[in-house]
Amino acid sequence: MTRTDEPAVPGAQTLINGIAVLRAVAAGSRTLADLTTMTGLSRSTTHRLVQALRAERMLRDTVEGTLALGPALIELGFQAREDISIPAVARPYLLDLSDETRDTIHLAAEDNGETLYLDKVRGNRNIEIRSWPGCRMPLTYTGIGKALLLDRPDRWERQYLDDRARMERQPEHDYSGATAFARAMGRYARQGFAFDLEENEPGVRCIAAPVRDASGAIVCAISVSSFKTFMPTDRMRQLGPLVRDTADAISRDLGWNGR
């Protein structure tokens, strides 16, 4: 981590250097010597910044006598989290993904054990996918619902059985049973994206990937959906990494650090 060139705005370099100190502490620097090495700042400049950040409760001293991030950052983090609208953050990415694929894009979250659709961007293929913001689907019937479950192997078989027990409509295209569904979910979890192979609607396929928040937890998912004509297996495999990368970009805007 090194200093940038002097910015045009007076005082901006001090701000940038202060942020560099905070990032260095977050990355594991715990002493003044560590901070000067990681930031490239002089010892005197680093000392002044540490003193100011302590005064603002953005840094604190531990019982071991080292530095740690302070409570003011926690307060700001909670406030930022409250101010974030996931659909608003995701919307530009959904539009770009629709432009690139020409297909229908969805954003959804889990609510009371179901897939709740939050947003939809229609593609330009003159086809209509039967979905709308506010509609609900069983988690295990949809690609986007599967993406929401990728971190929960403890739920895979039970959710599969529960969805089929409570739904009057059984999928025309379905897995042979809960064990086969769990095996498929294991593959999806390893690759980071899930498929809907006409389980939810005959003739419609989709690729979906999870979106994470700053804690790394899955908070929603996105999907690309189209008719089977436009979604042969080879194309689904090709689109998987693109959908996953788009979901990861949204996750980073929500504070996820990639781990």
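Computed from a prediction, not measured in an experiment: that's the story for all the values here.

Scoring rules and cut-offs
- Residues numbered from 1 in each chain as written.
- Predicted model: local features only at pLDDT ≥ 70, side-chain atom pairs only at ≥ 80, totals over all residues.
- Heavy atoms only, no water.
- Helix = DSSP H or I, 4+ residues; strand = E, 2+ residues; numbered from the N terminus.
- Rg over C-alpha atoms; globule rule 2.2 N^0.38 Å.
- Buried < 20%, exposed > 50% of the residue type's maximum accessible area, 1.4 Å probe, protein only.
- Contact = heavy atoms within 4.5 Å.
- Pairing = 2+ DSSP bridges.
- Axes fitted to C-alpha atoms, helices over the stretch in contact; angles between N-to-C directions.
- Salt bridge = Lys/Arg side-chain N within 4 Å of Asp/Glu carboxyl O.
- 1 Å grid on protein atoms, 1.4 Å probe; cavity = no way out; pocket = protein on both sides within 12 Å on 5 of 7 lines; lining within 4 Å.
- Points joined across faces, edges and corners; volume = space filled by probe spheres on them.
- Nonpolar A, V, L, I, M, F, W, Y, C, P; charged D, E, K, R; others polar.
- Parallel < 35°, antiparallel > 145°, perpendicular 65-115°, else oblique.
- Left-handed = near helix turned anticlockwise from the far one by under 90°.

## Quick notes on the overall build of the protein chain
Within the protein chain one finds nine helices and eight strands. For a compact globule of 259 residues, the expected C-alpha radius of gyration is about 18 Å, and the protein chain comes in at 23 Å, more than 25% above that figure. In terms of its C-alpha atoms, the protein chain occupies a principal-axis envelope of roughly 70 × 40 × 30 Å. Within the protein chain, the proportion of its 259 residues that are buried is 46%. Here the contacts in the protein chain between residues at least 6 apart in sequence split such that 53% fall between residues at least 24 apart.

## So, the sheet that holds strand E7 (residues 204-212)
Strand order in the open sheet formed by six strands is E5-E4-E3-E8-E7-E6, with antiparallel pairing between adjacent strands. Sheet topology places strand E5 (136-138) and strand E6 (194-197) at the edges, where each strand pairs with a single neighbour. Here the strands of the sheet are splayed against their neighbours by 30 degrees on average, with no regard to which way each runs. Strand direction decides the pairing type here: strand E4 (residues 114-121) and E5, joined by three bridges, are antiparallel. Each bridged residue has a counterpart across the sheet, and for Glu114 the counterpart in E5 is Pro138. Its contacts with the sheet put helix H5 (residues 86-101) on strand E3 (104-111), E4 and strand E8 (218-227), and the angle it makes with E3 is roughly 145 degrees.

## With respect to the pairing of E4
Note on strand geometry: in a regular strand, side chains alternate between the two faces of the sheet. The element E4 is largely enclosed, with a buried count of six among its eight residues. Where E3 and E4 come together, seven bridges link them in antiparallel fashion. Residue Asp111 lies in a different strand from E4, and its bridge partner there is Glu114. Joining the antiparallel neighbours E3 and E4 is a turn of two residues, in which Asn112 adopts a positive phi near 55 degrees.

## Some details on the pattern of salt bridges
For the structure on display, the rule yields 21 salt bridges. In this structure, a network of salt bridges that share partners links the residues Asp111, Glu114, Arg136, Asp163 and Arg166.

## With respect to empty space enclosed by the protein
Taken as a whole and judged by the stated rule, the model has two cavities of 30 Å³ or more. There is about 130 Å³ of room inside the largest cavity. Lining the largest cavity are 16 residues; nearest its centre among them are Tyr117, Ile129, Asp196, Asn200 and Ser225. Where the lining of the largest cavity is concerned, the elements lending two or more residues are helix H6 (143-148), E7 and E8. Here the residues of the lining of the largest cavity are counted per class, giving six nonpolar, seven polar and three charged.

## Side note on the packing of helix H7 (residues 156-166) against helix H8 (residues 178-191)
Close contact between H7 and H8 brings their axes to 9 Å; oriented N to C, the two are set at 125 degrees. As judged from the angle between their axes, H7 and H8 are oblique. Handedness of the H7/H8 crossing: right-handed. Across from Trp156, Glu157, Tyr160 and Leu161 in H7, the residues of H8 making contact are Ala178, Thr179, Phe181, Ala182, Met185, Gly186 and Ala189. In terms of residue class, the contact of H7 with H8 is made up of eight nonpolar, two polar and one charged.

## Some points on the layout of surface pockets
In this structure, the second largest pocket occupies an estimated 270 Å³ of space. Together, Ile19, Leu22, Arg23, Ala26, Ala27, Leu69 and Leu73 line the second largest pocket. Taken together, the residues of the lining of the second largest pocket break down into six nonpolar, no polar and one charged.

The quantities given are spatial measurements derived from coordinates; they are silent on function.
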